[in-house]
Amino acid sequence: MTLTAQEEIIFQDEALIPIWERVLSGRRLGREDGLAVLNSWDLTAIGKMADHVKRKKSGDRVYFVMNRQINPTNLCVLDCTFCDFAAKPGDDHAYEMSMDEILEKLGDELSEVHIVGGLHPTWKFEDYLNIVKRIREAFPSIQIKAWTAVEIDWFARIARISIEEVLERLREVGLQSLPGGGAEVFSERVHEATFKHKMGAERWFEVHRIAHEMGFPSNATLLYGHIETYEERVDHMLRLRDAQDETPGFMSFIPLALQPGNTGLAERQASAIEDLRTVACGRLLLDNFDHIKSYWVMLGEETASVALNFGASDLDGTIGEEKIAHYAQAKSAIGLARDKLVEMIREAGKVPAERDALYNVLRVYD
Ligand code: V47
């Protein structure tokens, strides 16, 4: 194969060469390719390959959104090992936000509100519905991305209705898309060891499939950097790729680096090298996902910025107050200003594009 100057990469790790050949000829990568990327120390080559694929999808642009994350309560009936955020009634850090507190956090400058919380032991489905309804009434221009598949499944159980009915009722009050949380790692071994009381992979996929069929776009996450193996990471990505082939609707893939906090699952957070390989692996394997998100809250601002040259095309957003990672002692800032996100993207040599929750472009900073 004759390569143009643009396509030439000097490989230190020869195991990557067949992957590059497959990328250039437009062939789909497989499990072994994903593993070769995660096992490789040839970061320069990995970055160039992933950036090439990213450029084919979104050119020089990197997206961000003016958003706010709302975590209405951390009271949760579950006991997932990786979660320092959840609380039981009576715990010092347990909280419930009032509707006024929720609405105070929002403003018309925002394009997206991302809502996710705990499975509250006594709240009814109507309480969760009401949060969406009141936000929609107070801020009609903010798009609402709310409740993970885990919460949607919980609503169906407490209200004794189907997933379809839950989503229809949420749509009536203003829901527009679903976040990608709750996927964790699809491996049954990891499920059993770290979140066995929470829904497993089958149900997570079922909720997203139904949501996509009903016209709700969604995201998909992977929680890595704990007890999962590289094989389990790659298999997770491949299952997402299959699901996207069958029922398209995923907008972005978001690798979430575990914040070890007091979880006891890892001594320290995954290294920057590990983060970059995982982002790049996602970009290379998930050929049917438009975006890979570099979630600065968990990666830290520096690594998140570097990841923009390793296949990531989205920084998420301004966020405001984030609790899930920060209860687990994340070192990242509490929120970032629009100017800071623009600067991070420009510093990575990319063109900032402000978007809404559904990836409609609102402004390009070129
Ligand atoms: O599902 C919990 C994870 C997720 C920890 O869709 C932890 O745009 C790291 O899903 N360390 C919630 N992660 C966050 C989430 C998300 C974030 C950003 C954007 C989007 C989107 C979705 O956070 C949970 C769980 O996988 N999580 N505890 C922890 N200690």
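Cut-offs used in this document
- Residue positions are counted from 1 within each chain, in the order its sequence is given.
- Local features in a predicted model are, by the rule used here, given only for residues with pLDDT of at least 70; side-chain atom pairs are given and counted only at 80 or more, and totals for whole chains, interfaces and linings are based on all residues.
- Remark: hydrogens and water are excluded; side-chain values derive from all non-hydrogen atoms of the structure.
- The helix count covers DSSP runs of H or I at least four residues long, the strand count covers runs of E at least two residues long, and both are numbered beginning at the N terminus.
- In this setup the radius of gyration rests on C-alpha atoms only. A globule is expected at 2.2 Å times the number of residues raised to 0.38.
- Here, two residues are considered to be in contact whenever any of their heavy atoms come within 4.5 Å of each other.
- Surface accessibility follows the Shrake-Rupley procedure with a 1.4 Å probe radius. Residue values consider only the protein chains on display as shielding.
- Asp and Glu are treated as the negative residues and Lys and Arg as the positive ones, with His and the ends of the chain left uncounted.
- To locate a charge, take atom NZ for lysine, CZ for arginine, CG for aspartate or CD for glutamate.
- Two aromatic rings from Phe, Tyr or Trp, using only the six-membered ring of Trp, form a pair when their centres are within 6.5 Å; if the ring planes differ by under 30 degrees the pair is stacked, by over 60 it is edge-to-face, and anything between is tilted.
- Burial classes follow relative accessibility: with a 1.4 Å probe on protein chains only, a residue under 20% of its type's maximum area counts as buried, one over 50% as exposed, and anything between as partly exposed.
- Working definition: residue near molecule or strand if any one of its non-hydrogen atoms lies within 4 Å of it.
- Two N or O atoms count as a polar contact when they lie within 3.5 Å, although within protein this holds only if one can serve as hydrogen donor and the other as acceptor, and sequence-adjacent residues are included solely when both atoms are side-chain atoms.
- Asp, Glu, Lys and Arg are counted as charged, while Ala, Val, Leu, Ile, Met, Phe, Trp, Tyr, Cys and Pro are counted as nonpolar; the rest, among them Gly, fall into the polar class.
- Throughout, nonpolar core names a set of buried Ala, Val, Leu, Ile, Met, Phe, Trp, Tyr and Cys residues whose side chains join them through atoms within 4.5 Å.
- Salt bridges, as used here, are contacts in which a Lys or Arg side-chain nitrogen is within 4 Å of a carboxyl oxygen on Asp or Glu.
- Two strands pair if DSSP finds at least two bridges between them.
- Convention used here: a crossover is right-handed provided that the path from the first strand, over the helix, to the second strand proceeds clockwise when the strands point away from the viewer.

A. Summary view of the overall build of the protein chain. For the protein chain, the count of helices and strands is 15 helices and 11 strands. Over its C-alpha trace the protein chain gives a radius of gyration of 20 Å, about what one expects of a compact globule, namely 21 Å for 366 residues. Look at the contacts in the protein chain between residues 6 or more apart in sequence, and 75% of them connect residues 24 or more apart. Of the roughly 14,900 Å² of accessible surface on the protein chain, a fraction of 47% belongs to carbon and sulfur atoms. Of the side chains in the protein chain, 42 bear a positive and 60 a negative charge, and the two mean positions are spaced by 2 Å.

B. Seen up close, the packing of aromatic side chains. Applying the stated criterion across every chain yields a total of 15 aromatic pairs. Measuring from centroid to centroid gives 5.9 Å for Phe64 and Tyr365, while their planes differ by 50 degrees, and the two rings are tilted. Separated by 301 residues along the polypeptide, Phe64 in strand β1 (residues 61-65) and Tyr365 in the segment after β11 (361-364) bring together distant segments of the chain. Each member of the pair, Phe64 together with Tyr365, is buried. Pairing Tyr128 with Trp147 gives two aromatic rings, centres 5.1 Å apart and planes at 80 degrees, and the pair type is edge-to-face.

C. Geometry of the site of the ligand. Near the ligand you find 23 residues, and of these Lys145, Gly180, Gly182, Glu184 and Lys293 are the closest. Between an oxygen atom of the ligand and a side-chain N or O atom of Asn219, the distance comes to 3.0 Å. If the ligand stood free it would expose 610 Å²; the protein chains cover 97% of that surface. At the level of secondary structure, the elements contributing two or more residues to the shell around the ligand comprise β6 (218-224) and β7 (250-257). A breakdown of the residues in the shell around the ligand according to their chemical character gives 12 nonpolar, 7 polar and 4 charged.

D. Region of interest: helix α2 (residues 31-39). Inspection of α2 places Asp33, Gly34, Leu35, Ala36, Val37 and Leu38 among the buried residues, and these make up the whole buried set. Elements that come into contact with the buried residues of α2 comprise α1 (17-24), α3 (43-58), α10 (230-246) and α11 (272-285).

E. Region of the structure containing the nonpolar core. Formed by 123 residues in total, the largest nonpolar core has its most connected members in Trp147, Ile152, Leu167, Leu170, Trp204 and Leu240. Among residues more than four places away in sequence, those in contact with Leu167 are Ile152, Leu175, Leu178, Ile210, Ala211, Met214 and Phe216.

F. Up close: the environment of Gln6. In this structure, Gln6 sits in the segment before α1. What makes Gln6 exposed here is its relative accessible area of 75%. Considered as a pair, Gln6 and His52 are 46 residues apart in the sequence and their alpha carbons are 9.3 Å apart.

G. Geometry of the pattern of salt bridges. The full count for this structure, using the stated rule, is 29 salt bridges. Note that Asp153 and Arg203 form a salt bridge whose closest N and O atoms lie 2.7 Å from each other. Within this pair, whereas Asp153 is found in helix α6 (residues 149-159), its partner Arg203 is found in helix α9 (residues 201-213), the two being separated by 50 residues in sequence. A relative accessible area of 26% places Arg203 in the partly exposed class. Within this structure, Asp51, Arg55, Asp60 and Lys350 form a network of salt bridges that share partners.

H. Structural detail: the pairing of strand β3 (residues 112-115). A two-sided burial pattern is seen for β3, the buried positions comprising Glu112 and His114 on one face and Val113 and Ile115 on the other. Inspection of the sheet shows strand β2 (residues 67-70) paired to β3 by 4 bridges, in the parallel sense. Along β3, the bridge assignment pairs Asn67 with Glu112. Regarding topology, helix α4 (residues 99-104) serves as the crossover connection from β2 to the parallel β3, and that connection is right-handed. Both β3 and strand β4 (residues 143-146) contribute to a ladder of 4 bridges, which runs parallel. From the neighbouring strand, Ile115 faces β4, where its bridge partner is Ala146. Remark: the β3/helix α5 (residues 125-138)/β4 crossover connection has right-handed handedness.

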